[in-house]
Number of protein chains: 2
Amino acid sequence: MESNSPKDTLVRSQETESLVKRLAGPSSGKAGLAKDQTEINRIISDASKGSKFYENEKKKDKEVTVRIEKILKYKEEAFKNLDVAKVEASMDHLIEQLEEQRDLTQLIVHVDMDAFFANVELLDNPSLAGKTFAVVGKGVLTTASYEARKFGVRSGMAAFIAKKLCPHLILVENRHWRYSEISDQIMGIFHRYDPDMCPAGCDEGYLNITAYCEEHAMTAEECVREIRETVFRETKLTVSAGIAPNKNKPNGQYQLDFDAKAIKAFTHDLPIRKVPGIGRVSERLLEAIGIKASTCGDIYTQRAVISIMDKQFGLVYLLRTYLGISSNTVQAHTREERKSIGAERTFSTLHKLDDILAKLDEVAAELEKDMQEDGWVGRTITLKYKLDTYRVFTRAKSVDHWVSKKEELYAVRQMIHSSHLTNINILLDWQRPAPP
Amino acid sequence: MESNSPKDTLVRSQETESLVKRLAGPSSGKAGLAKDQTEINRIISDASKGSKFYENEKKKDKEVTVRIEKILKYKEEAFKNLDVAKVEASMDHLIEQLEEQRDLTQLIVHVDMDAFFANVELLDNPSLAGKTFAVVGKGVLTTASYEARKFGVRSGMAAFIAKKLCPHLILVENRHWRYSEISDQIMGIFHRYDPDMCPAGCDEGYLNITAYCEEHAMTAEECVREIRETVFRETKLTVSAGIAPNKNKPNGQYQLDFDAKAIKAFTHDLPIRKVPGIGRVSERLLEAIGIKASTCGDIYTQRAVISIMDKQFGLVYLLRTYLGISSNTVQAHTREERKSIGAERTFSTLHKLDDILAKLDEVAAELEKDMQEDGWVGRTITLKYKLDTYRVFTRAKSVDHWVSKKEELYAVRQMIHSSHLTNINILLDWQRPAPP
DNA sequence: CCCGGTGAG
DNA sequence: TCCCCTCACCGGG
DNA sequence: ATGTCCGCA
DNA sequence: AGCGTGCGGACAT
Ligand SMILES: Nc1ncnc2c1ncn2[C@H]1C[C@H](O)[C@@H](COP(=O)(O)OP(=O)(O)OP(=O)(O)O)O1
Ligand SMILES: Nc1ncnc2c1ncn2[C@H]1C[C@H](O)[C@@H](COP(=O)(O)OP(=O)(O)OP(=O)(O)O)O1
Ligand SMILES: [Mg+2]
Ligand SMILES: [Mg+2]
Ligand SMILES: [Mg+2]
Ligand SMILES: [Mg+2]
């Protein structure tokens, strides 16, 4: 590896850049509060360097790079014998069809509590006001106060990394039962505005307020303001609202004009990374195929490439994003029923099979308990385990009867064929639709 | 089974009816030449009764009946909480979209030789003129002269059954090499009219004659007449043409008006069984869900049911059929590349493993030869074998390298776990698209 | 991927 | 003498 | 069906 | 010292 040709240097520097960005964590790129992202990334990178975690991230990053090269090669090849104009015309036709499905008659709003866990902690401990603090569980931050976020501290970040970024950071332990209480409370409020509301996580939901606005002769803006005031009055917590993803957090709301033009103008300059479903990997992939400015506007420009890589990128999904048409379910409804249940535990590396099996037993016991509480059963058992290299294996087995007992879960031990384990996960589901 | 309630009697009689119809063979219902189908069916049924073949057909028939019951139950249930009007409106919208894809600018014609193998035999042996004769291979008819067809004799029928229907039937042995010669000859002729023509079997093809008609200032009708005359002049064999399936065989052509109205009027009264892709099973299933008159017109009537059973019936496919829009590939082109190759042999029941393995070896040898001739290799080997009950088993194994040698094919012997074999088949393919 | 089923010629 | 043989495609697991 | 990867809270 | 837990979904095989 002594080559120093310009091309080689460029490639390596690119890889380093993407790796550094990757190390910033999956939720990086969502909020844009931090001043100097480059400096932050450097601190994170330095703090990680040398660890097995770092090595694994490097490997993953490399894999994405290789994947990009393959995609580019395929694109090159495919474009040789391809009538681009024809494909684009075909896409335009598809776009027209999707456009037809646009429904501007429904008032859909997305509401999401501000720094949820953190503000709940603040509520119960006012001395935290104005402080840089974060909520932590198992060594990882679940969220951070807005003061802390200015230092680059984010959800999903290892606590010790956050400390490097923000030495005075106060760490508060998770209190899930408390968040559940408040969550129930706010969901109750949301329900008043839309009985069919669709919860999307413990602190947010999609509401169809068309009927409510009609009945109360309100504009959507007035209605959302009322929702936010109600939440604040009853919980003393702030909530933001708007079309997803929220434009102006915290404690704000954003009203987009209800016409196709305005919506498309909005998405045109929206970085794809903000789109739900586009994470750090998809962002790199899309950038590679020509979404240079990383905005949704480029989805249209690159519709030909996307169309020949439908499976990889999700043609219709991206076009909908470009058009600003969310799912075709006008009703944000969709009553959720659980589709899987699982339990997972991480521990310091275990080598002896007996120790591993003991851990497995603990996880199985915990899962059995959760299943009993939920009254849930399954027929496909999946064992997932992680080595100290962070490499992950999954082994699954479907059976012809319903499983609910610890003993049956524990049977997956037959599928462990490695040592150096650091994590065990048991998951149950029933594949496909619903059981009779 | 002593119940004689009206319902029970009805059910049993229906089953018998469907079974009798089934026994008439898969290609029954295509040609409507025979006078008294009921009498024919009775003869076939009587000749089959008691055999293992018959028992198997009965079992299959029963399975379809059960399948129908399940479908009807599901339909019943689904329709309870279903806004039929809404679903139909949605279907109408889909139909509009499909209608948009209708392309009346291309002149596509389907040409198909009359009683191909039989007429080739007649050509080489004029003494067969006017006789009731059929071409036979391995005890099964490949085709029959039109004179013989009047007796109910059909392709795919066992020779000994055909003899019962038509005692004076003359049987002529298959001479494949000869049909190949003629096939090449006629394909050559078709090519003159469309270099991109799509062969669809040894005696037929789809031709896009748009360009030819344009260049020679001909109508489609004139062009097709010329094609047929050319074929007759150069081969002394007759060919029919028209939209598939051919309307007036033999030696005819059918011209459908090139407007949506006429096409839909045509399909409206077309029995679904004539539609390529709808066989004896699909016909029964569709009839069960309400395609009562068994015509494509009912596809529209029953669009709601079909839409909720998309997977079972192929919603878009059926709607396209109703609209008379064939595949969206305006170009009948699609250069074919082989996707699998296999060899199969039927024999009198073998019990001893050694005997079975000897047969397997023969089949493997034959396949290897065919593969060598074709220069074809594969990576997924499928073994299929049939018991004397006609029950079929399939066992497949993919490997990470290209297989072409007899020895590797013969390795599938590990997957035989039965006795009483009457048939062995080895097949090779490579799953999905193309290898590099 | 693996298996069974349907259909065509 | 007692129901073939080759190939393609689909849907479920 | 099994196995891997991606994304979100 | 050092990077978790629980879920849904898409895709390849
Ligand atoms: N990576 C994570 N791991 C565990 N819990 C998380 C993670 N991300 C978020 N959470 C939890 C804690 C959050 O307070 C809660 C709601 O998430 P989210 O709405 O995305 O952020 P937030 O409410 O903390 O801040 P924001 O003001 O940006 O909405 O879910
Ligand atoms: N079931 C079968 N098994 C073996 N060969 C068959 C079978 N069906 C058809 N063939 C062979 C023999 C036919 O002459 C040839 C062309 O088939 P096809 O066009 O359907 O019938 P045909 O040409 O004999 O009569 P038609 O006049 O109805 O077209 O393919
Ligand atoms: Mg939030
Ligand atoms: Mg949230
Ligand atoms: Mg023919
Ligand atoms: Mg034919």
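So, here is what we can say about the structure in this document. Keep in mind the model is a prediction, meaning the values are calculated, not measured.

A word on the coordination of the magnesium ion (ligand 4)
Residues and elements named next belong to chain A.
(1) Moving on: Of the protein atoms, only Asp112 (OD), Asp203 (OD) and Glu204 (OE) coordinate the magnesium ion (ligand 4), at distances of 2.2 to 2.5 Å.
(2) Moving on: Donor residues for the magnesium ion (ligand 4) sit on one chain with the sequence pattern D-x90-D-E.
(3) Moving on: In this structure, the magnesium ion (ligand 4) is positioned 3.5 Å from the magnesium ion (ligand 3), and both are ligated by Asp112. Here the residue Asp112 occupies a position in strand β1 (residues 108-113), and Glu204 occupies one in strand β6 (residues 204-208), the gap between them amounting to 92 residues.

Quick look at the protein's contact with DNA strand E
All names here are of chain A.
(1) Moving on: Lining the immediate environment of DNA strand E, one finds 22 residues, of which Arg67, Gly279, Ser282, Ala396 and Ser398 sit closest.
(2) Moving on: Gly279 places a main-chain nitrogen or oxygen 2.7 Å from a phosphate oxygen of DNA strand E.
(3) Moving on: Residue Ser282 places a side-chain N or O atom 2.5 Å away from a phosphate oxygen belonging to DNA strand E.
(4) Moving on: Here the surface near DNA strand E takes six residues from strand β10 (residues 392-403), the largest share from any one element.
(5) Moving on: Class assignment for the residues of the surface near DNA strand E results in seven nonpolar, seven polar and eight charged.

Points about the sheet that holds strand β9 (residues 378-387) of chain A
All names here are of chain A.
(1) Moving on: The strand order across the open sheet formed by four strands is β8-β11-β9-β10, and the pairing between neighbours is antiparallel. In this open sheet, the two strands that pair with only one neighbour each are β8 (340-350) and β10. Direction aside, the axes of adjacent strands within the sheet are offset by 15 degrees on average.
(2) Moving on: Where β9 meets β10, eight bridges bridge the pair, whose relative direction is antiparallel. Note that in β10 the partner of Leu383 across the bridge is Arg395.
(3) Moving on: Across the sheet, helix α17 (residues 353-374) touches β8, β9, β10 and β11 (421-429), and the angle it forms with β8 is around 155 degrees.

So, the environment of Tyr206 of chain A
(1) Moving on: As for its position among the elements, Tyr206 of chain A is in strand β6.
(2) Moving on: Note: C-alpha distance between Tyr206 of chain A and Val399 of chain A (193 residues apart in sequence) is 37 Å.

Details of the pairing of β9 of chain A
Residue and element names in this part refer to chain A.
(1) Moving on: Counting buried residues in β9 gives seven out of ten residues, a clear majority hidden from the surface.
(2) Moving on: Counting the residues between successive antiparallel strands, the hairpin from β9 to β10 contains four residues, one of them, Tyr390, with a positive phi of roughly 75 degrees.
(3) Moving on: In this sheet, β11 lies alongside β9 in antiparallel orientation, the contact comprising eight bridges. Note that in β11 the partner of Thr382 across the bridge is Leu427.

A look at the coordination of the magnesium ion (ligand 3)
All names here are of chain A.
(1) Moving on: Only Asp112 (OD), Met113 (O) and Asp203 (OD) from the protein reach the magnesium ion (ligand 3) as donors, at distances of 1.9 to 2.2 Å.
(2) Moving on: What the six donor atoms of the magnesium ion (ligand 3) show is an angle range of 80 to 178 degrees at the metal, which sorts the shape as octahedral.
(3) Moving on: Given a relative accessible area of 11%, Asp203 falls into the buried group.

As for the packing of helix α5 (residues 116-124) of chain A against helix α8 (residues 176-193) of chain A
Residue and element names in this part refer to chain A.
(1) Moving on: The interhelical angle for the contact between α5 and α8, taken along N-to-C directions, is 95 degrees, at an axis separation of 10 Å. The pairing of α5 with α8 is recorded here as roughly perpendicular in orientation. Every residue of α8 that contacts α5 at Phe116, Phe117, Val120, Glu121, Leu123 and Asp124 is listed here: His176, Arg178, Tyr179, Ile182 and Ser183.
(2) Moving on: Split into classes, the residues belonging to the contact of α5 with α8 amount to six nonpolar, two polar and three charged.

Some thoughts on the site of ligand 1
Residues and elements named next belong to chain A.
(1) Moving on: Taken together, 14 residues sit near ligand 1, with Ala115, Thr143, Tyr146, Arg149 and Lys249 positioned nearest.
(2) Moving on: Between ligand 1 and Phe116, the relevant distance is 3.1 Å, taken from an oxygen atom to a main-chain nitrogen or oxygen of the residue.
(3) Moving on: Here Arg149 contributes a side-chain N or O atom positioned 2.8 Å from an oxygen atom of ligand 1.
(4) Moving on: Here ligand 1 has 570 Å² of accessible area as a free molecule, and 66% of this is covered by the chains.

Focus: the sheet that holds strand β1 (residues 108-113) of chain B
Within a sheet, adjacent strands bond to each other through the backbone by hydrogen bonds, running parallel or antiparallel.
Residue and element names in this part refer to chain B.
(1) Moving on: Pairing in this open sheet of four strands is antiparallel, and the strands run β5-β6-β1-β7 from one edge to the other. If you trace the sheet from one side to the other, it starts and ends with β5 (198-199) and β7 (239-242), each paired once.
(2) Moving on: Judged from the two bridges that link them, β5 and strand β6 (residues 204-208) form a sheet pairing that is antiparallel. Bridge pairing in β6 places Pro199 opposite Gly205.
(3) Moving on: Helix-sheet contacts for helix α8 (residues 176-193) involve β1, β5 and β6, and the interaxial angle to β6 is about 10 degrees.

Quick word on the protein's contact with DNA strand F
Residues and elements named next belong to chain A.
(1) Moving on: Lining the immediate surroundings of DNA strand F are 22 residues, of which Lys339, Ser340, Gly342, Glu344 and Thr346 lie closest.
(2) Moving on: Atoms of DNA strand F within 4 Å of the protein belong to the sugar or the phosphate in 63% of instances, the rest to bases.
(3) Moving on: In this structure, Lys339 approaches DNA strand F through a main-chain N or O atom, which is 2.6 Å from a phosphate oxygen.
(4) Moving on: In the environment of DNA strand F, a phosphate oxygen lies 2.5 Å from a nitrogen or oxygen atom belonging to the side chain of Thr346.
(5) Moving on: Those elements that provide at least two residues to the surface near DNA strand F are α7 (159-165) and β8.
(6) Moving on: No other element matches the seven residues that β8 contributes to the surface near DNA strand F.
(7) Moving on: Within the surface near DNA strand F, the residues separate by chemical class into eight nonpolar, six polar and eight charged.

Observations concerning the packing of aromatic side chains
Residue and element names in this part refer to chain B.
(1) Moving on: Applying the stated criterion across every chain, the model contains 18 aromatic pairs over all chains.
(2) Moving on: Between Tyr300 and Tyr322 the ring centres are 5.5 Å apart and the planes differ by 25 degrees, which places this aromatic pair in the stacked class. Taken as a pair, Tyr300 in helix α13 (residues 297-301) and Tyr322 in helix α16 (residues 315-323) lie far apart in primary sequence, 22 residues in all.
(3) Moving on: Take Tyr300: its relative accessible area is 29%, and that puts it in the partly exposed class.
(4) Moving on: For Tyr322, a relative accessible area of 12% corresponds to the buried category.
(5) Moving on: Between Trp376 and Trp430, the aromatic rings sit 5.4 Å apart at their centres with planes inclined by 35 degrees, giving tilted as the arrangement. Of this pair, Trp376 sits in the loop between α17 (353-374) and β9 (378-387) while Trp430 sits in the segment after β11 (421-429), and the two are 54 residues apart along the sequence.
(6) Moving on: Classification of Trp376 as buried rests on a relative accessible area of 11%.

Some details on the pairing of β7 of chain B
All names here are of chain B.
(1) Moving on: Across the two faces of β7 the burial is the same, with Val239 and Ala241 and Ser240 and Gly242 all buried.
(2) Moving on: Bridge count between β1 and β7: four bridges; the pairing is antiparallel. Each residue of the ladder has a partner; that of Met113, found in β7, is Val239.

Procedures and definitions
Residues numbered from 1 in each chain as written. Chains lettered and ligands numbered in written order. Predicted model: local features only at pLDDT ≥ 70, side-chain atom pairs only at ≥ 80, totals over all residues. Heavy atoms only, no water. Donors = N, O, S within 2.8 Å, 3.2 Å for Na, K, Ca; no water. Helix = DSSP H or I, 4+ residues; strand = E, 2+ residues; numbered from the N terminus. Near = heavy atom within 4 Å. Polar contact = N/O pair within 3.5 Å; in protein donor to acceptor, adjacent residues only side chain to side chain. Nonpolar A, V, L, I, M, F, W, Y, C, P; charged D, E, K, R; others polar. Pairing = 2+ DSSP bridges. Axes fitted to C-alpha atoms, helices over the stretch in contact; angles between N-to-C directions. Contact = heavy atoms within 4.5 Å. Buried < 20%, exposed > 50% of the residue type's maximum accessible area, 1.4 Å probe, protein only. Tetrahedral: all angles 85-135°; square planar, octahedral: opposite > 155°, others 65-115°. Parallel < 35°, antiparallel > 145°, perpendicular 65-115°, else oblique. Areas by Shrake-Rupley, 256 points an atom, 1.4 Å probe, with all protein chains shown as cover. Phe/Tyr/Trp six-rings, centres within 6.5 Å; stacked < 30°, edge-to-face > 60°.

So, to be careful, I would describe these as geometric facts and stop short of saying anything about function.
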